[in-house]
Amino acid sequence: YHAFETWPAATDFFEVAELIFGVLFSIELLLKLAFLRKSFCSDAWNIMDTIIVIGWLLTLIGLFPMPTDPTLLRVARLCRLLRVLRLIRTIRAFDSLYLMTTAMLSSL
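Predicted model only: the values in this text are computed from it and were never measured.

Colleague: I keep staring at the packing of aromatic side chains and nothing clicks. Help me out?
Modeller: Centre distance and the angle of the planes are the two values used to describe a pair of aromatic rings. Evaluation of the coordinates by the stated rule reveals two aromatic pairs. Ring centres of Phe 13 and Phe 14 lie 5.3 Å apart, and the angle between their planes is 70 degrees; this geometry places the pair in the edge-to-face category. Of the residues examined, Phe 13 reaches a relative accessible area of 46% and is grouped as partly exposed. With 6.1 Å between their ring centres and 35 degrees between their planes, Phe 21 and Phe 25 make a pair best called tilted. In this pair, Phe 21 and Phe 25 are both assigned in helix α2 (residues 10-36), four residues apart and thus about one turn of the helix distant. In this structure Phe 21 comes out as partly exposed when scored by relative accessible area, which is 44%.

Set out below in structure tokens:
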């Protein structure tokens, strides 16, 4: 079976998902740049995020057409998504730590 026969709306779904994530990542990048200012460039992850967002924006406005195999950009986006998932897991760990410390403090 071809992928299109299995999920006919896949192309539309991924185009909309790319637009949504691109906008969200762009907003995040602008906020980080506004708040971190000079220390923004000291983190390698911020540089990678900037390259990904600039590549997405150039592709979106048509100045930089994607080659026939955009695997490298997809891998970079996947790394970025995995980084976000790791952050969510860390926040959950801190939430448990906060709950535990407040419970211990309230028992005193």
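Colleague: Looking at this structure, I do not really get a nonpolar patch on the surface. What am I missing?
Modeller: Together, Leu 19, Val 23, Ile 27, Leu 31, Phe 35, Ile 54, Leu 57, Leu 58, Leu 60 and Ile 61 make up a nonpolar patch on the protein surface, roughly 930 Å² of accessible area in all. Elements supplying a minimum of two residues to the nonpolar patch: α2 and α3 (44-61). Among the secondary structure elements, Ile 61 is positioned in helix α3. The class of Ile 61 is exposed, set by a relative accessible area of 59%.

Colleague: Could you clarify how one ought to interpret the side chain of Asn 46 in this entry?
Modeller: Checked against the element boundaries, Asn 46 lands in helix α3. Given the relative accessible area of 2%, Asn 46 is considered buried. Once residues within four sequence positions are removed from consideration, Asn 46 is found in contact with Leu 29, Lys 32, Leu 36, Phe 40 and Arg 83.

Colleague: It is not clear to me how unusual backbone geometry should be interpreted in this structure. Could you clarify?
Modeller: Leave glycine aside and you will find that most residues have negative phi; peptide bonds, for their part, are mostly trans. With a phi close to 50 degrees, Arg 37 is a non-glycine residue in the positive phi region. When you line up the elements, Arg 37 lands in the loop between α2 and α3. The exposed category is assigned to Arg 37, whose relative accessible area is 63%.

Colleague: How should the pattern of salt bridges be read in this particular structure?
Modeller: When the charged atoms of two side chains with opposite charge come close together, those side chains can pair. Across all of its chains, the model carries one salt bridge by this definition. Among the ionic pairs, Asp 49 bridges to Lys 32, the shortest N-O distance being 3.4 Å. Taken together, the positions of Asp 49 in helix α3 and Lys 32 in helix α2 put the pair 17 residues apart, joining distant regions of the chain. Residues Asp 49 and Lys 32 agree in their burial class; the two are buried.

Colleague: How do you make sense of the environment of Phe 40 when you look at a structure like this?
Modeller: Inspection of the secondary structure puts Phe 40 in the loop between α2 and α3. Remark: the alpha-carbon pair of Phe 40 and Leu 29, spanning 11 residues in sequence, is separated by 9.7 Å. Ignoring anything within four residues of it in the chain, the contact list for Phe 40 reads Leu 29, Lys 32, Leu 33, Asn 46 and Thr 50.

Colleague: Would you mind going over α3 with me for this structure?
Modeller: Each turn of an α-helix holds 3.6 residues, which means side chains three or four residues apart point in the same direction. The terminal C-alpha atoms of α3, which comprises 18 residues, lie 26 Å apart, in line with the 26 Å expected from a rise of 1.5 Å per residue. By the burial criterion, the buried members of α3 are Asn 46, Asp 49, Ile 52, Val 53, Gly 55 and Trp 56. Within two residues after α3, Gly 62 carries a phi angle of roughly 85 degrees, on the positive side.

The rules we used
- Residues numbered from 1 in each chain as written.
- Predicted model: local features only at pLDDT ≥ 70, side-chain atom pairs only at ≥ 80, totals over all residues.
- Heavy atoms only, no water.
- Phe/Tyr/Trp six-rings, centres within 6.5 Å; stacked < 30°, edge-to-face > 60°.
- Buried < 20%, exposed > 50% of the residue type's maximum accessible area, 1.4 Å probe, protein only.
- Helix = DSSP H or I, 4+ residues; strand = E, 2+ residues; numbered from the N terminus.
- Patch = residues over 30% accessible without salt bridge, like charges linked within 9 Å, V, L, I, M, F, W, Y side chains within 5 Å.
- Areas by Shrake-Rupley, 256 points an atom, 1.4 Å probe, with all protein chains shown as cover.
- Salt bridge = Lys/Arg side-chain N within 4 Å of Asp/Glu carboxyl O.
- Contact = heavy atoms within 4.5 Å.
- Expected span 1.5 Å × (residues − 1).

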